[in-house]
Amino acid sequence: MKVFQKTKMLTDAHLHYCPGCTHGIVHRLVAESIEELGLQEKSIGIAPVGCAVFAYDYFNCDMQEAAHGRAPAVATGIKRCLPDRLVFVYQGDGDLASIGMAETVHAAARGEKITIIFINNSIYGMTGGQMAPTTLIGQKATTCQNGRDPAVNGYPIRVCELLATLDAPYYIERVSTHDVKHVLAAKKAIKKALQFQAEGRGYTFVEVLVSCPTNWHMRPVDALRFMGEECTKTFPLGVFRDKSEGKQ
Amino acid sequence: MAGITVDEKICKGCGLCANACPKKVISISEHRMNQNGYFIAEAVNPQNCIGCAFCAIMCPDCAIVVER
Ligand SMILES: Cc1ncc(C[n+]2csc(CCOP(=O)(O)OP(=O)(O)O)c2C)c(N)n1
Ligand code: SF4
Ligand code: SF4
Ligand code: SF4
Ligand SMILES: [Mg+2]
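About the thresholds
- Residues numbered from 1 in each chain as written.
- Chains lettered and ligands numbered in written order.
- Predicted model: local features only at pLDDT ≥ 70, side-chain atom pairs only at ≥ 80, totals over all residues.
- Heavy atoms only, no water.
- Salt bridge = Lys/Arg side-chain N within 4 Å of Asp/Glu carboxyl O.
- Contact = heavy atoms within 4.5 Å.
- Buried area = accessible area lost by both parts, 1.4 Å probe.
- Polar contact = N/O pair within 3.5 Å; in protein donor to acceptor, adjacent residues only side chain to side chain.
- Helix = DSSP H or I, 4+ residues; strand = E, 2+ residues; numbered from the N terminus.
- Nonpolar A, V, L, I, M, F, W, Y, C, P; charged D, E, K, R; others polar.
- Pairing = 2+ DSSP bridges.
- Donors = N, O, S within 2.8 Å, 3.2 Å for Na, K, Ca; no water.
- Buried < 20%, exposed > 50% of the residue type's maximum accessible area, 1.4 Å probe, protein only.
- Core = buried A, V, L, I, M, F, W, Y, C linked by side-chain atoms within 4.5 Å.
- Arc of directions from axis to C-beta.
- Near = heavy atom within 4 Å.
- Axes fitted to C-alpha atoms, helices over the stretch in contact; angles between N-to-C directions.

Novice: I keep staring at the pattern of salt bridges and nothing clicks. Help me out?
Specialist: Side chains that differ in sign of charge can pair as their charged atoms come close. Taken as a whole and judged by the stated rule, the model has 19 salt bridges over all chains. Through salt bridges with shared partners, a single ionic network connects Arg28, Glu32, Glu36, Lys187 and Lys191 of chain A.

Novice: Just checking my understanding: could you explain the interface of chain A and chain B for this structure?
Specialist: Interface size, as often reported, equals the accessible area lost upon joining of the parts. Every contact between the two is made by 28 residues of chain A and, on the other side, 24 residues of chain B. Of the roughly 2,000 Å² buried where chain A meets chain B, counting both sides, 71% is carbon and sulfur surface. Interface area lost by chain A to chain B is led by Val3, Phe4 and Val180 of chain A, which between them contribute 28%. The interface formed by chain A and chain B holds 0 salt bridges in total. Linking chain A to chain B there are 6 residue pairs in polar contact (both at pLDDT 80 or more). Elements that contribute at least two residues to the side of chain A that touches chain B include exactly strand E1 (2–4), helix H1 (23–37), helix H8 (180–198) and helix H10 (220–234) of chain A. Looking at the side of chain A that touches chain B residue by residue, the classes come out as 16 nonpolar, 8 polar and 4 charged. Bridge count for E1 of chain A against strand E4 (residues 64–67) of chain B is 2 bridges, and the pairing is antiparallel. Note on E4 of chain B: the bridge partner recorded for lysine 2 of chain A is glutamate 67 of chain B.

Novice: Would you explain the coordination of the magnesium ion (ligand 5) in this entry?
Specialist: Reference values for coordination geometry: four tetrahedral donors around a metal ideally subtend 109.5 degrees, six octahedral donors ideally subtend 90 or 180 degrees. All names here are of chain A. Distances from the magnesium ion (ligand 5) to its protein donors, Asp93 (OD), Asn121 (OD1) and Ile123 (O), fall at 2.1 to 2.2 Å. Donor residues for the magnesium ion (ligand 5) sit on one chain with the sequence pattern D-x27-N-x1-I. Here aspartate 93, found in helix H4 (residues 93–99), pairs with isoleucine 123, found in strand E6 (residues 123–124); they are 30 residues apart in sequence, far enough to count as distant. For isoleucine 123, a relative accessible area of 1% translates into the label buried.

Novice: Help me out: how do you make sense of the environment of arginine 241 of chain A in this one?
Specialist: Residue and element names in this part refer to chain A. Turning to its location among the elements, arginine 241 is positioned in strand E10 (residues 238–242). Here arginine 241 falls in the buried class, since its relative accessible area comes to 3%. For the pair arginine 241 and cysteine 160, spaced 81 residues apart in sequence, the C-alpha to C-alpha distance is 8.9 Å. Residues within four places of arginine 241 in sequence aside, it is in contact with Ala164, Leu166, Asp167, Ala168, Pro169, Tyr170, Tyr171, Ile172, Lys247 and Gln248. For arginine 241, the side chain forms a polar contact with the main-chain oxygen of leucine 166, separated by 2.8 Å. Within the structure, the side chain of arginine 241 is placed 3.4 Å from the backbone oxygen of aspartate 167, a separation counted as a polar contact.

Novice: Is there a simple way to think about the nonpolar core in this case?
Specialist: In summary, soluble globular proteins display a tendency toward joint burial of nonpolar side chains. Counting 76 residues, the largest nonpolar core has Val26, Phe59, Ile117, Ile190, Val206 and Val208 of chain A together with Ile64 of chain B as its most contacted members. For this core, the element with the highest residue contribution is H8 of chain A, accounting for 8 residues. Those residues within four positions of valine 208 of chain A in sequence are excluded, and the remaining contacts are Val26, Ile117, Phe118, Ile119, Asn120, Val175, Thr177 and Ile190 of chain A. Among the nonpolar cores identified, the runner-up in size contains 24 residues, and Ile46, Ala97, Met101 and Phe240 of chain A belong to it.

Novice: For this particular structure, what's the right way to read the pairing of strand E5 (residues 115–120) of chain A?
Specialist: Strand residues, when the strand is regular, have side chains that alternate between the two faces of the sheet. Residues and elements named next belong to chain A. In terms of residue burial, E5 counts as a mostly covered element, since 6 of its 6 residues are buried. What you see with E5 is no split at all: Thr115, Ile117 and Ile119 on one side and Ile116, Phe118 and Asn120 on the other are buried throughout. Two strands pair when backbone bridges link them, and strand E4 (residues 86–92) and E5 are joined in this way by 5 bridges, in the parallel orientation. Bridging across to E5, tyrosine 90 finds its partner in isoleucine 117. Relative to strand E9 (residues 204–209), E5 runs parallel, the two sharing 6 bridges.

Novice: Mind showing me how you'd approach helix H5 (residues 101–110) of chain A here?
Specialist: Each full turn of the α-helix corresponds to 3.6 residues, which orients residues three or four apart in the same direction. Residue and element names in this part refer to chain A. Among all positions of H5, only Met101, Thr104, Ala107 and Ala108 are buried. Angularly, the buried residues of H5 cover 140° about the axis, an arc narrow enough to put them on a single face. For H5, the secondary structure elements touched by its buried residues are helix H3 (71–81), H4 and helix H7 (159–163). Just beyond H5, the residue with positive phi is glycine 111, at close to 70°.

Novice: What should I look at first to understand the site of ligand 4 in this one?
Specialist: What surrounds ligand 4 is a group of 13 residues, the closest being Cys21, Cys49, Cys52, Ala53 and Cys55 of chain B. In the shell around ligand 4, the residues fall into 12 nonpolar, 1 polar and no charged.

Novice: Would you take a moment to explain the sheet that holds E10 of chain A for this structure?
Specialist: Residues and elements named next belong to chain A. Reading across from one edge, E3-E2-E4-E5-E9-E8-E10 is the order of the 7 strands in this open sheet, with mixed pairing throughout. Lying at the two open borders of the sheet, with one neighbouring strand each, are strand E3 (62–65) and E10. In this sheet, neighbouring strand axes are inclined to one another by 15° on average, regardless of whether the strands run parallel or antiparallel. Of the strands in this sheet, strand E2 (43–47), E4, E5 and E9 touch H1, which is tilted by about 175° from E4. Contacts between H3 and the sheet are confined to E2, E3, E4 and E5, with E4 contributing the most and set at about 175° to the helix.

Encoded structure:
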């Protein structure tokens, strides 16, 4: 008996991501969650600008590409016109927290009934490894070659914590993909967020720590270790809002 | 009997599966390459597989099917 095989919510297309990039794991978790919730026919995904720009080729449901950073605004329009659909947004940290920060904060503040999957890999992956708002202190990038220096480059932005200052969001959690245990926990969080949306409860946001072995200049396995040891220090995992459990 | 099948066409040889396997079933080949030029994951100790699917859970490319 098959105990693990690829979900039908993903197409047969081969992912273009670099070897060991955990963007692929998150694609699978989102797709499996939608399949398990039985919402494949009702789902509409919004793809970002960034390495996940081809996400529309990978998810087996209706997909819409958005201009850089504007995915939450596009999702707002779609969800308001088609409130019975499950609308999910997949965005990187450059897309969501740099150019798209305004859209991110205002969609959250309005409490749009959408689900944001936020891929935090501490870097601009697609464009060759520039510093992101989430680059760690001391982490090297092409635009901070000696490592991020707060005096010059400022500090990393913790998006979950920032959004948790707003009243409207229903659910905010940060998870990681650096080992089996954390991938299983990430799946739970993503499925919960999508289910809350399907129940019409409100804005849901899941930040997922992801590796970028290519631009971190690490072997894929070392990149996972770096996430577990370093990224989780700057970006502590946990639930920042869950109105279903009274966590405000 | 538990076992895995790796889709060699889509494997990228990243090694996340081998790293996650508690039974050291998988190893990245040092000489077998696929058409994309990646050295591929192979079940070198298939008899030790317990079907836990840890390898598949960590595979970013959904290249592994697990049977039990
Ligand atoms: C308006 C505009 N400005 C800049 C760019 C260049 N650009 C493409 S992707 C990207 C950032 C991608 O980083 P991120 O969102 O973190 O995604 P990742 O590739 O790391 O997954 C930038 C700046 C663009 N495509 N459009
Ligand atoms: S550049 Fe980084 S984020 Fe983009 S596919 Fe490669 S490893 Fe993944
Ligand atoms: S995790 Fe997947 S892609 Fe990476 S080596 Fe193993 S089977 Fe190949
Ligand atoms: S199913 Fe478990 S024991 Fe078998 S190869 Fe995969 S990780 Fe190893
Ligand atoms: Mg990024």
